[in-house]
Amino acid sequence: MNDAKLITVRDVMKTEFYMIDGTATITEAIRMMKKNKTSILFVDKFHEHDEYGVINAGIIARLVLAKDRAPDRVNVYEINEKPLINAHPDMDIRYCSRLFARYNLMRAPVMEQGKIIGVVSPIQLVLDGLCEITGIC
């Protein structure tokens, strides 16, 4: 694949993603997820020296539902995961795929100049990127 066309994360990332404030409750997060038909929300920074976080259905299930905590009494910042492993938009998708494999990721924010500009998953890497590289699709 050395002579293969270079496909970058920017070529396959999705630019539609959703942010939530860390002070929102889990109830609000679930409503936002349902409304936008997504299972992942990025948690905005509190200030410029903070880091983005992430919350997803699995985190909510593990840290709220399984522990029988009231979702209207738990704030997003209490259970979000941060800092995030992220991809650069100009990264070769083959290296991005290795990043996903090494850290067992299902999704990663795509960051440029300290801001989230998209999200990438193995689905996009394979169905969009690998199809383009190999010409099989």
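So, here is what we can say about the structure in this document. From a predicted model like this one, the values you see are computed outputs, not experimental measurements. (Residues numbered from 1 in each chain as written. Predicted model: local features only at pLDDT ≥ 70, side-chain atom pairs only at ≥ 80, totals over all residues. Heavy atoms only, no water.)

1. So, the sheet that holds strand E1 (residues 19-20)
Threshold: Should DSSP find at least two bridges between two strands, the strands are taken to pair. Segments assigned H or I by DSSP are reported as helices when at least four residues long, segments assigned E as strands when at least two residues long, and all are numbered from the N terminus.
Across the sheet, three strands lie side by side as E1-E2-E3; this open sheet has mixed pairing. Each edge of the sheet is formed by a strand with only one pairing partner; in this case those strands are E1 and strand E3 (53-56). Bridge count between strand E2 (residues 40-43) and E3: four bridges; the pairing is antiparallel. Each bridged residue has a counterpart across the sheet, and for Leu41 the counterpart in E3 is Ile55.

2. Digging into the side chain of Asn80
Just so we agree on the cut-off: Remark: exposure states derive from per-residue accessible area (1.4 Å probe, protein chains only) relative to the maximum for the residue type, with buried under 20%, exposed over 50%, and partly exposed in between. Throughout this description, a polar contact denotes any pair of N or O atoms lying within 3.5 Å of each other; where both atoms belong to protein, one of them has to be capable of donating a hydrogen while the other can accept it, and for residues adjacent in sequence the pair is counted only when both atoms sit in side chains. In this analysis, two residues are considered to be in contact whenever any of their non-hydrogen atoms come within 4.5 Å of each other.
Positionally, Asn80 belongs in the loop between helix H4 (76-79) and helix H5 (93-103). According to the relative accessible area criterion, Asn80 is buried, its value standing at 12%. Within polar-contact distance, the side chain of Asn80 engages the backbone oxygen of Tyr77 at 3.0 Å. Excluding its chain neighbours within four sequence positions, the residues that come into contact with Asn80 are Val43, Gly53 and Val54.

3. Observations regarding the packing of aromatic side chains
Selection criterion: Any two of the Phe, Tyr and Trp rings considered here, Trp counted by its six-membered ring, make a pair once their centres fall within 6.5 Å; the pair's planes then place it as stacked at under 30 degrees, edge-to-face at over 60, or tilted in between.
The tally for this structure, following the rule as stated, stands at two aromatic pairs. Measuring from centroid to centroid gives 6.0 Å for Phe17 and Phe42, while their planes differ by 75°, and the two rings are edge-to-face. Here Phe42 lies in strand E2 and Phe17 lies in the loop between helix H1 (9-12) and E1, a separation of 25 residues in the sequence. Phe42 sits in the buried class, given a relative accessible area of 2%. Here Phe46 and Tyr77 contribute two aromatic rings whose centre-to-centre distance is 6.2 Å and whose plane-to-plane angle is 70°, an arrangement assigned as edge-to-face. Here Phe46 is found in the loop between E2 and E3, whereas its partner Tyr77 is found in helix H4, with 31 residues between them in sequence.

4. So, helix H2 (residues 26-36)
Counted only if it meets this: This arc is taken over the directions from the axis of the helix to the C-beta atoms.
For H2, the full list of buried residues reads Ile26, Thr27, Ala29 and Met33. Taken down its axis, H2 places every buried residue within 160° of arc, on the same side. For H2, the exposed residues lying more than 90 degrees away from the buried face are Arg31 and Lys35. Buried-residue contacts for H2 involve E1, E2, E3, helix H3 (57-65) and H4. Looking one or two residues past H2, Lys37 carries a phi angle of roughly 50°, positive in sign.

5. Focus on the pattern of salt bridges
Side chains that differ in charge, positive against negative, can pair when their charged atoms come close. Stated formally: We count a salt bridge whenever a side-chain nitrogen from Lys or Arg sits within 4 Å of a carboxyl oxygen from Asp or Glu.
Overall, the coordinates contain six salt bridges when judged by the stated rule. The partner of Arg69 in a salt bridge is Glu78, and the shortest N-O contact between them spans 3.2 Å. Judged by relative accessible area, which is 38%, Glu78 ranks as partly exposed. Salt bridges linked by common partners bring Arg10, Asp90 and Glu112 together as one network.

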